[in-house]
Amino acid sequence: MEQSKVIIYVRFNTDIDQEYVDNTKKELYKFIDMIGANLVNEYWEILDKNTESGIIDYIIDECMRKDCSILTYDLNSLHGYISGAFYILGEAFKDQVSIFFVDPDSSLKSILHV
């Protein structure tokens, strides 16, 4: 069976504390080990909530070239705003790139606003 390939992308806001960063990293690596995936690359950004990332389009292109998926923690680690995260999900979907969340429960709660 072919091993899954993933690229980690995590975006934090500038008000993040180191403990949260460390916990997110730990959870992502634990998930990769659990599913037995091959980590192709990883991108970590700390941006102001109102700042657009210049790297996400490149990451989607890289996933298309290397036949891999994007792995992130939750919707907030994909973009500072839910609408921005949905836009990225749509762009990846158009290019047939899957985005997986380590914490899907918080992603679902964000979508449903609960």
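Residues numbered from 1 in each chain as written. Predicted model: local features only at pLDDT ≥ 70, side-chain atom pairs only at ≥ 80, totals over all residues. Heavy atoms only, no water.

Visitor: Residues and numbers for the overall build of the chain, please.
Guide: Helix and strand counts for the chain stand at 5 helices and 4 strands. Secondary structure elements of the chain, listed N to C terminal, follow the sequence β-α-β-α-β-α-α-β-α. Contacts spanning at least 24 positions in sequence make up 74% of the contacts within the chain whose residues lie at least 6 apart. Just so you have it, the chain exposes about 6900 Å², and 52% of that area is on carbon and sulfur atoms. (Helix = DSSP H or I, 4+ residues; strand = E, 2+ residues; numbered from the N terminus. Contact = heavy atoms within 4.5 Å. Areas by Shrake-Rupley, 256 points an atom, 1.4 Å probe, with all protein chains shown as cover.)

Visitor: Just give me the short version of the sheet that holds strand S1 (residues 5-13), but keep the residues and values in it.
Guide: Strand order in this open sheet of 4 strands is S2-S1-S3-S4, and the pairing throughout is parallel. In this open sheet, the two strands that pair with only one neighbour each are strand S2 (38-47) and strand S4 (99-101). In this sheet, neighbouring strand axes are inclined to one another by 25° on average, regardless of whether the strands run parallel or antiparallel. For S1 and strand S3 (residues 69-72), the ladder comprises 3 bridges, and the chain directions are parallel. The residue bridging Ile8 from the neighbouring strand is Leu71, located in S3. (Pairing = 2+ DSSP bridges. Axes fitted to C-alpha atoms, helices over the stretch in contact; angles between N-to-C directions.)

Visitor: So what's going on with the nonpolar core? Residues and values would help.
Guide: Looking at soluble globular proteins, one finds that nonpolar side chains tend to be buried together. Formed by 17 residues in total, the largest nonpolar core has its most connected members in Tyr9, Ile59, Cys63, Ile70, Leu78 and Ile99. Of all the elements in the fold, those that place two or more residues in this core are S1, helix H2 (56-66), helix H3 (75-78), helix H4 (82-94) and S4. The residues touching Tyr9, leaving out its near neighbours within four places in the chain, are Tyr43, Glu45, Ser53, Ile55, Ile56, Ile59, Ile70, Leu71, Thr72, Ser77 and Leu78. (Core = buried A, V, L, I, M, F, W, Y, C linked by side-chain atoms within 4.5 Å. Buried < 20%, exposed > 50% of the residue type's maximum accessible area, 1.4 Å probe, protein only.)

Visitor: Help me get a handle on the side chain of Arg11, residues and values and all.
Guide: On the secondary structure map, Arg11 appears in strand S1. With no salt bridge to any partner, buried Arg11 finds its closest opposite charge in Glu52, at an N-O distance of 5.3 Å. One polar contact links the side chain of Arg11 to the main-chain carbonyl oxygen of Asp48, over a distance of 3.0 Å. Polar contacts involving the side chain of Arg11 include one to the main-chain carbonyl oxygen of Thr51, which spans 2.5 Å. Excluding its chain neighbours within four sequence positions, the residues that come into contact with Arg11 are Glu45, Leu47, Asp48, Lys49, Thr51, Glu52, Ser53, Asn76, Ser77, Leu78, His79 and Gly80. (Lys, Arg positive; Asp, Glu negative; His and termini not counted. Salt bridge = Lys/Arg side-chain N within 4 Å of Asp/Glu carboxyl O. Polar contact = N/O pair within 3.5 Å; in protein donor to acceptor, adjacent residues only side chain to side chain.)

Visitor: Quick rundown of a negative patch on the surface? Include the residues and the values.
Guide: A grouping of Asp15, Asp17, Glu19 and Asp22 is seen on the molecular surface, where their side chains present a negatively charged patch. Within the secondary structure layout, Asp15 lies in the loop between S1 and helix H1 (18-35). (Patch = residues over 30% accessible without salt bridge, like charges linked within 9 Å, V, L, I, M, F, W, Y side chains within 5 Å. Charge placed at Lys NZ, Arg CZ, Asp CG, Glu CD.)

Visitor: Which residues make up unusual backbone geometry, and what values go with them?
Guide: Non-glycine residue Asp67 carries a positive phi angle of around 50°. Among the structural elements, Asp67 can be located in the loop between H2 and S3. Taking relative accessible area as the criterion, Asp67 reaches 56% and is therefore assigned exposed. We note that Gln96 has phi near 60°; this positive angle belongs to a residue other than glycine. Position of Gln96 relative to the elements: it lies in the loop between H4 and S4.

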